[in-house]
Amino acid sequence: MEDTSKKVTAGAEAGDEAGDAAEKTQDEEFLIDLSAEPSPRQIVEELDRYIIGQGKAKRSVAIALRNRWRRQNVGEEMREEILPNNIIMIGPTGVGKTEIARRLARLAGAPFIKVEASKFTEVGYVGRDVESMVRELVELSVSMVRDDREAEVEQEATRAAAERILDLLLPPVPERRRGGGHLADNSTRDAQVFEATVEEVGEAGTEQLKEVPEDDEPRERRERMREKMRRKLEAGELEERKVEIEFSARGVPIIDMFSVPGMEDMDVNLGEMLEEMMPRRKKKREVNVAEARRILIAEEIQKLVDMEDVIGEAIDRVEISGIVFLDEVDKIAGPASKSGPDVSREGVQRDLLPIVEGSNVPTKYGLIRTDHILFIAAGAFHQAKPTDLIPELQGRFPIRVELEALVEEDFYRILTEPKNALVSQYVELLRTEGAEIDFDDGSVREVARTAWLLNQKMENIGARRLHTVMFALMEELLFELPEREEKQVSITAQTVRERLEKLVQDEDLRKYIL
């Protein structure tokens with residue numbers, strides 16, 4: 001068997017490559033070509049990079065994602081008739097239900113939101129505000145599209161901001177009145193700034209003024225100076241130079257005075273309405289060039305991004321490819337009440353039903369159709385059963401997938417195989433302190449065995465138990481490492497047993513419960 005320490009060390013040595021990869025776009029993080037609509041098999045392979053096991057669940061979500069592409073290529077008449085096959089995942093906590101849905105959304109580049117079904121059973125909600133999850137999904141989609149648009153125009157906005165900064169550093173040549181040699185009144189200050197800039201540039205040791213013939217026209221002279229100032233600006237030589245910028249400010253501060261129970265359900269944002277009604281006043285502020293660049297780039301981006309177009313595309317993304325992950329759905333399931341309707345369970349289900357089966361939800365951006373949003377429900381179902389859901393809601397989740405509880409070997413694979421393996425994370429964390437840590441194969445297996453054993457003795461929290469065990473193992477080292485002279489650390493199976501012995505034997509483990 002290959003020594004895991006070699007895998008871990010190799011993973012650590014790839015830290016520089018990982019850092020470079022982090023600067024790439026999201027699509028470049030994947031091994032598959034997302035623009036070519038990956039096949040279900042490719043989607044499963046991509047999910048395997050982060051999630052161990054649960055092959056049935058991966059196949060189901062991969063098929064659901066591929067079906068979306070298939071639907072888009074169906075004739076328009078039939079396209080509207082094809083509805084997504086919603087999925088319900090059944091399995092204990094910590095086995096990968098949420099992570100599968102989250103990674104799927106990243107693969108699809110789709111708006112994704114996770115909501116807790118138990119949220120709608122709280123006093124004052126009782127399922128009444130289930131539409132809020134669609135509103136939150138739309139807000140998230142608008143943010144995603146706006147970020148995409150801003151990235152597209154960032155270079156153009158940066159260039160425009162640079163031109164505005166040059167205008168502040170070197171104002172236009174003041175015009176003289178016809179028939180006279182006096183400056184127009186409104187040009188006096190610009191003339192003073194212009195002359196001051198000329199003197200400063202000359203004193204800086206450059207040959208700018210010498211290169212400009214005395215008989216050049218003022219505007220030509222200014223253009224020559226502007227180009228030299230541009231080079232100094234690009235070289236970062238003017239970052240601390242003070243300039244005065246003018247920007248819009250709110251006339252009256254808008255306080256969240258409307259954040260009272262029930263007001264969040266309103267489709268109209270009162271704060272934004274008042275802000276639009278209040279007159280905006282211009283405000284001047286003296287800042288350095290670095291700060292001015294940041295402010296002006298933000299203003300230019302705002303000018304270049306068409307928010308109506310952003311909202312339109314965001315709504316399309318939600319209606320065509322949105323994903324809602326409805327967690328803890330078992331908390332709203334239960335046997336039928338013998339004394340009458342159970343408003344905290346069955347009532348929530350009945351309010352969820354129209355959204356899942358397809359309806360129009362009002363938002364501040366308009367009506368949102370939920371017909372083609374993919375809903376993925378999940379729950380442990382320890383006390384309740386999926387059949388305890390009302391029949392109508394059961395019918396809206398035709399695909400039922402059971403996820404398997406994790407065993408000791410699964411824990412070992414989780415610690416070593418995924419791209420974001422927990423062992424590799426600690427290796428990189430300690431490397432920031434100049435330390436090199438080496439886990440041998442026996443130590444990793446001992447950590448996996450301990451985590452599995454604790455899950456058997458206590459509440460089974462799945463892979464989350466690994467975080468508890470790893471922190472208990474590394475706690476002393478993490479505390480002492482900054483003052484420690486020896487930076488070469490080797491973790492063996494014996495080390496793990498010694499440090500975790502008390503944790504395993506002590507029946508009162510409340511301190512370590514997540």
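Below, the structure is looked at part by part. (Residues numbered from 1 in each chain as written. Predicted model: local features only at pLDDT ≥ 70, side-chain atom pairs only at ≥ 80, totals over all residues. Heavy atoms only, no water.)

**Some words on the overall build of the protein**
- Check the secondary structure of the protein and you find 20 helices and eleven strands.
- Taking all 514 residues of the protein together, 40% fall into the buried category.
- Within the protein, residue pairs in contact and separated by at least 24 positions form 78% of the contacts whose partners lie at least 6 positions apart.
- About 29,200 Å² of surface is accessible on the protein, with carbon and sulfur atoms providing 48% of the total. (Helix = DSSP H or I, 4+ residues; strand = E, 2+ residues; numbered from the N terminus. Buried < 20%, exposed > 50% of the residue type's maximum accessible area, 1.4 Å probe, protein only. Contact = heavy atoms within 4.5 Å. Areas by Shrake-Rupley, 256 points an atom, 1.4 Å probe, with all protein chains shown as cover.)

**What about unusual backbone geometry?**
- Backbone geometry at Gln54 places phi at a positive 55°, although glycine is not the residue there.
- Summarising the element assignment, Gln54 is placed in the loop between helix H3 (40–48) and helix H4 (55–72).
- Of note in the backbone geometry, Phe381 takes a positive phi value of approximately 55° without being a glycine.
- Relative to the elements of secondary structure, Phe381 occurs in the loop between strand E8 (374–379) and helix H15 (391–395).
- Accessibility expressed as a relative area gives 9% for Phe381, which makes it buried.

**A look at the side chain of Arg317**
- Looking at where Arg317 falls in the secondary structure, it is placed in helix H13 (residues 307–321).
- Apart from residues no more than four positions distant in its own chain, Arg317 is found in contact with Gly109, Pro111, Ser141, Met144, Val145, Asp148 and Gly322.

**Overview of the sheet that holds strand E1 (residues 87–90)**
- The strand order E2-E5-E8-E1-E9 describes an open sheet built from five strands, whose pairing is parallel. Lying at the two open borders of the sheet, with one neighbouring strand each, are strand E2 (112–116) and strand E9 (399–402). Strand-to-strand, the axes of this sheet are offset by a mean angle of 20°, without reference to chain direction.
- Relative to E8, E1 is paired through four bridges, and the arrangement is parallel. Counterpart to Ile90 in the pairing with E8 is Gly379.
- Contacts from helix H6 (residues 97–108) reach E1, E2, strand E5 (323–327) and E8 within the one sheet, and its direction differs from that of E5 by about 170°. (Pairing = 2+ DSSP bridges. Axes fitted to C-alpha atoms, helices over the stretch in contact; angles between N-to-C directions.)

Honestly, that's just the spatial picture; any functional story needs more than this.
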